[in-house]
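Structural features, examined
So you can see what is in the structure, the chains are spelled out below.
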Amino acid sequence: MPSKKALVRRPGPRLAEGLVTHREREKVDAELAAEQWEAYVAALHGHGWETFEVEPADDCPDSVFVEDTVVMYRNVALITRPGAESRREETAGVEEAVAALGCSVNWIWEPGTLDGGDVLKVGDTIYVGRGGRTNAAGVQQLRAVLEPLGARVVAVPVSRVLHLKSAVTALPDGTVIGHIPHVDRPALFPRFLAVPEEPGAHVVLLGGSTLLMSASAPKTAELLTDLGFEVVPVDISEFEKLEGCVTCLSVRLRGLYA
Ligand SMILES: NC(=O)NCCC[C@H](N)C(=O)O
């Protein structure tokens, strides 16, 4: 049976200094962020996920957004080269963590840049956002690593938000969901469902028809519940102030067997 393991990294002392690109800076409440992070991890545990904490990278304000540092495909962990220089040192601890879990490790190399938040997997189709953080060399390297393993890599432009997964994610049936004002080209996705709120575009698949979502998207939660999904809401307001969303706080390792 496939394992349900996930990497997480607790927020560091410099969290409030995290990058903001597409929104105004708002004051982050570090204590509340720590509580929200614990609740997020508890929600994973509550749905059968075993979490592994990556060593802290306390000099890096954005290190809690662990999704950006590695792309998992089957048992292969592709260590990224984050587009923001202040985030490059985050990858060392993640590399150690995935190696310890038995993954086969690969890397994005200079001049490539790629953030995990730009990579959306829908079955064996891997959408990669070419935007502010991921460059053409990063896309090429992603293709070179994952296509021989059976993936089909589809590059899509991202100009309105930080990452591809800030704009779109996918339901368990493969339908891509997004908030239209933030999606460059909805027609690139074979099955697309528009959702009424920006944070409603982000779902973490917990297994079966259960979705972890931000509590700040109640109308989308209602829409998805009405379509037969079970929604697990988590309040991540402090991470949203830093352009984070539910996906970026963990990396699920679904291709491992244990
Ligand atoms: N995958 C994600 O959605 N990552 C969010 C990263 C937010 C962080 N403040 C950054 O700008 O890199």
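Residues numbered from 1 in each chain as written. Predicted model: local features only at pLDDT ≥ 70, side-chain atom pairs only at ≥ 80, totals over all residues. Heavy atoms only, no water.

Spelled out, the test is: UniProt positions are given in the numbering used here, feature names are shortened, and annotations may be inferred rather than shown by experiment.
Labelled according to an unreviewed UniProt entry, the chain appears under the name N(G),N(G)-dimethylarginine dimethylaminohydrolase, originating from Streptomyces actuosus. In its Sequence similarities (unreviewed entry) section, UniProt records this for the chain: "Belongs to the DDAH family."

1. A closer look at the overall build of the chain
What counts is decided by this rule: Only DSSP runs of H or I with at least four residues qualify as helices, and only runs of E with at least two residues qualify as strands; both kinds are numbered from the N terminus onward. Radius of gyration: over C-alpha atoms. The globule rule applied is 2.2 Å multiplied by the number of residues raised to the 0.38 power. Whether two residues are in contact is decided by their heavy atoms: any pair within 4.5 Å suffices. What sets the accessible areas is the Shrake-Rupley method with a 1.4 Å probe; for residues, cover comes only from the shown protein chains.
Assigned secondary structure in the chain consists of six helices and 15 strands. A globule of 258 residues ought to have a C-alpha radius of gyration of about 18 Å, and the chain, at 17 Å, matches this closely. Along the three orthogonal principal directions, the C-alpha set of the chain runs to about 40 × 40 × 40 Å. A fraction of 67% describes how many contacts in the chain between residues 6 or more apart in sequence connect residues 24 or more apart. Per element, the accessible surface of the chain, about 11,000 Å² overall, is 51% carbon and sulfur.

2. Let's talk about the environment of Leu212
Keep this limit in mind: Any residue under 20% of the maximum accessible area for its type is buried, any over 50% is exposed, and the rest in between are partly exposed; the area is computed with a 1.4 Å probe on protein chains only.
Along the chain, the position of Leu212 falls in strand E13 (residues 210–214). A residue is classified by how much of its surface remains accessible, and Leu212, at 0% relative accessible area, is buried. Here the alpha-carbon distance between Leu212 and Ala43, two residues 169 residues apart in the chain, equals 8.1 Å. Those residues within four positions of Leu212 in sequence are excluded, and the remaining contacts are Tyr40, Ala43, His202, Val203, Val204, Leu206, Val232, Val234 and Val246.

3. Describing the pairing of strand E8 (residues 152–157)
As a reminder of what qualifies: DSSP bridges decide pairing: two strands pair if at least two such bridges lie between them. A clockwise course of the path from the first strand over the helix to the second, judged with the strands pointing away from the viewer, identifies a crossover as right-handed.
Alignment of strand E7 (residues 125–130) against E8, held across six bridges, turns out to be parallel. Counted as the bridge partner of Gly129 is Val156 from E8. Regarding topology, helix H3 (residues 136–146) serves as the crossover connection from E7 to the parallel E8, and that connection is right-handed.

4. Here's the deal with the side chain of His179
Here His179 shows up in the loop between strand E10 (176–178) and strand E11 (192–194). Ignoring any residue separated from it by four or fewer positions in sequence, one finds His179 in contact with Ala167, Val195, Pro196, Glu197, Glu198 and Ala201.

5. A look at the side chain of Asp68
Along the chain, Asp68 falls in the loop between strand E2 (50–53) and strand E3 (70–73). Sequence-distant contacts of Asp68, defined by excluding residues within four places in its chain, comprise Thr80, Arg87, Leu114, Asp115, Gly116, Gly117 and His163.

6. A closer look at the site of the ligand
Note the cut-off: Here a residue counts as near a molecule or strand whenever at least one of its heavy atoms sits within 4 Å of it. Whenever a nitrogen or oxygen atom comes within 3.5 Å of another N or O atom, the pair is scored as a polar contact, on the condition that within protein one atom can donate a hydrogen and the other can accept it, and that pairs from neighbouring residues in sequence are kept only if both atoms are in side chains. Each residue gets one of three labels, nonpolar for Ala, Val, Leu, Ile, Met, Phe, Trp, Tyr, Cys and Pro, charged for Asp, Glu, Lys and Arg, and polar for the others, Gly among them.
Taken together, 15 residues are adjacent to the ligand, and Asp62, Glu67, Asp68, Arg133 and Leu242 come closest. One of the backbone N or O atoms of Leu19 is found 2.8 Å from a nitrogen atom in the ligand. Within the contact set of the ligand, an oxygen atom lies 2.8 Å away from a side-chain nitrogen or oxygen of Arg87. The fraction of the free accessible surface of the ligand (350 Å²) that becomes covered by protein chains is 100%. Classifying every residue of the shell around the ligand by side-chain character gives six nonpolar, three polar and six charged.

7. Things to note about the pattern of salt bridges
To keep things clear, this is the line we draw: Whenever Lys or Arg places a side-chain nitrogen within 4 Å of a carboxyl oxygen from Asp or Glu, that contact is recorded as a salt bridge.
If you walk through the whole model with that rule in mind, you get 10 salt bridges. Of the charged contacts in the structure, one is a salt bridge between Glu38 and Arg10, with a shortest N-O distance of 3.1 Å. In this pair, Glu38 sits in helix H1 (residues 30–46) while Arg10 sits in the loop between strand E1 (5–8) and H1, placing the two residues 28 residues apart along the sequence. Across the pair Arg87 and Asp68 runs a salt bridge whose closest N-O atoms are separated by 2.7 Å. Of this pair, Arg87 sits in the loop between strand E4 (76–79) and helix H2 (91–100) while Asp68 sits in the loop between E2 and E3, and the two are 19 residues apart along the sequence. Under the relative-accessibility criterion, Asp68 is labelled buried at 2%.

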